[in-house]
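Architecture at a glance
Below, each chain spelled out in residue letters.
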Amino acid sequence: MPINQTKLTEANLTVGYVAKRSGVKVSTLHFYETKHLIKSWRNSGNQRRYKKDVLRRVAVIKAAQAMGITLDEIKTTLATLPDNRTPTKQDWSALSKRWQAQLDERIAHMQRLRDKVDSCIGCGCLSLKSCPIYNKDDYLGETQSGAVFLNSEAENILQK
C-alpha cells in the first residue's frame with residue numbers, strides 16, 4: 001500500500017502531511033489549533049498527529065475563508081456541531097446556508113457603498129459642501145476619528 005494511503009487509514013497524520021494534503025502551511029495549522037478550529041494529539045515523541053477528518057475540517061475552513069467568513073464566525077458556526085465534530089455533507093449544507101445569508105448582507109452593503117462612492121469617501125469631513133453626509137459642526141469628532149462613515153452607522157446615513 002502506498003505510504004499516503006497507509007497514513008490515511010491509520011488516522012495518524014503528521015502536521016507536514018496535513019499541510020501538504022490540505023494546501024496550507026504548517027504554521028497555518030498551528031494557528032488554527034490556537035483558535036480551536038482543529039485539534040491534534042501528541043504521540044509518545046510529543047509530535048502532533050491528526051485524525052484524517054482534519055482534512056475535511058481544514059477544507060471547510062478554507063472554503064469559508066474564501067467566501068469572506070472570519071475565523072471567529074467559522075469557529076462559532078463549527079461549535080454548533082455536536083461534540084465539535086467534523087461537518088458531514090448535511091452539516092455543510094446547513095453551515096453554507098448560514099454563511100449565504102451573511103454573504104447576501106455583505107453584497108448588499110458593498111452595492112450601497114459602490115453606489116455612493118462617487119459622492120462620499122466616508123471621511124466625515126467638514127469641508128465638502130456637496131457631501132451628502134456632511135459632518136456639520138463636527139459632531140463625529142465627539143466620539144470617533146478617521147474614515148468613520150465606512151461602517152454600519154454610515155449605512156443608515158447613506159441610505160437616507
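Just so we're clear, the structure is a prediction, and the values are computed from it rather than from any experiment.

All right, on to unusual backbone geometry then. One non-glycine residue with positive phi stands out, namely H36, at about 60°. Here H36 falls in the exposed class, since its relative accessible area comes to 53%. Here the phi dihedral of N46 falls at roughly 65°; this positive angle occurs in a residue that is not glycine. Inspection of the secondary structure assignment puts N46 in the loop between β2 (41-42) and β3 (48-50).

Right, let's talk about the sheet that holds β3 for a bit. Strand order in the open sheet made by the three strands is β1-β3-β2, with antiparallel pairing throughout. Both edges of this open sheet fall to β1 (13-14) and β2, since each of them pairs with a single strand only. Across two bridges, the pairing between β2 and β3 is antiparallel. Residue pairing in the sheet places W41 in a bridge with R49 of β3.

With the rule as written, the count across this model stands at three salt bridges. Between E33 and R48 there is a salt bridge; the shortest N-O distance is 2.8 Å. Taken together, the residues E33 in helix α3 (residues 26-34) and R48 in strand β3 connect sequence positions 15 residues apart. Accessibility expressed as a relative area gives 16% for E33, which makes it buried. Taking relative accessible area as the criterion, R48 reaches 21% and is therefore assigned partly exposed.

A complete count under the given rule lists one aromatic pair for this structure. For the pair W92 and W99, a centre-to-centre distance of 5.9 Å together with 65° between the ring planes defines the contact as edge-to-face. Take W92: its relative accessible area is 29%, and that puts it in the partly exposed class.

Here the protein shows a mean pLDDT of 78. Residues at 70 or above account for 66%. Contacts from residues 5-9, a stretch scored under 50 in pLDDT, to residues over four places away or in other chains number 10 contacts.

Relative to the helices and strands, S96 resides in helix α6 (residues 89-116). Classification of S96 by relative accessible area gives buried; the value is 13%. Of note is the side chain of S96, whose polar atom sits 3.0 Å from the backbone oxygen of S93.

Compared with the 18 Å implied by 1.5 Å per residue over 13 residues, the 18 Å span of helix α4 (residues 54-66) between its first and last C-alpha is a close match. For α4, the set of buried residues is V54, L55, R57, V58, V60, I61 and A64. Taken from the residues just after α4, G68 is the one with a positive phi, measuring 90°.

About the criteria used
Residues numbered from 1 in each chain as written. Predicted model: local features only at pLDDT ≥ 70, side-chain atom pairs only at ≥ 80, totals over all residues. Heavy atoms only, no water. Buried < 20%, exposed > 50% of the residue type's maximum accessible area, 1.4 Å probe, protein only. Helix = DSSP H or I, 4+ residues; strand = E, 2+ residues; numbered from the N terminus. Pairing = 2+ DSSP bridges. Salt bridge = Lys/Arg side-chain N within 4 Å of Asp/Glu carboxyl O. Phe/Tyr/Trp six-rings, centres within 6.5 Å; stacked < 30°, edge-to-face > 60°. pLDDT = per-residue confidence, 0-100. Contact = heavy atoms within 4.5 Å. Polar contact = N/O pair within 3.5 Å; in protein donor to acceptor, adjacent residues only side chain to side chain. Expected span 1.5 Å × (residues − 1).

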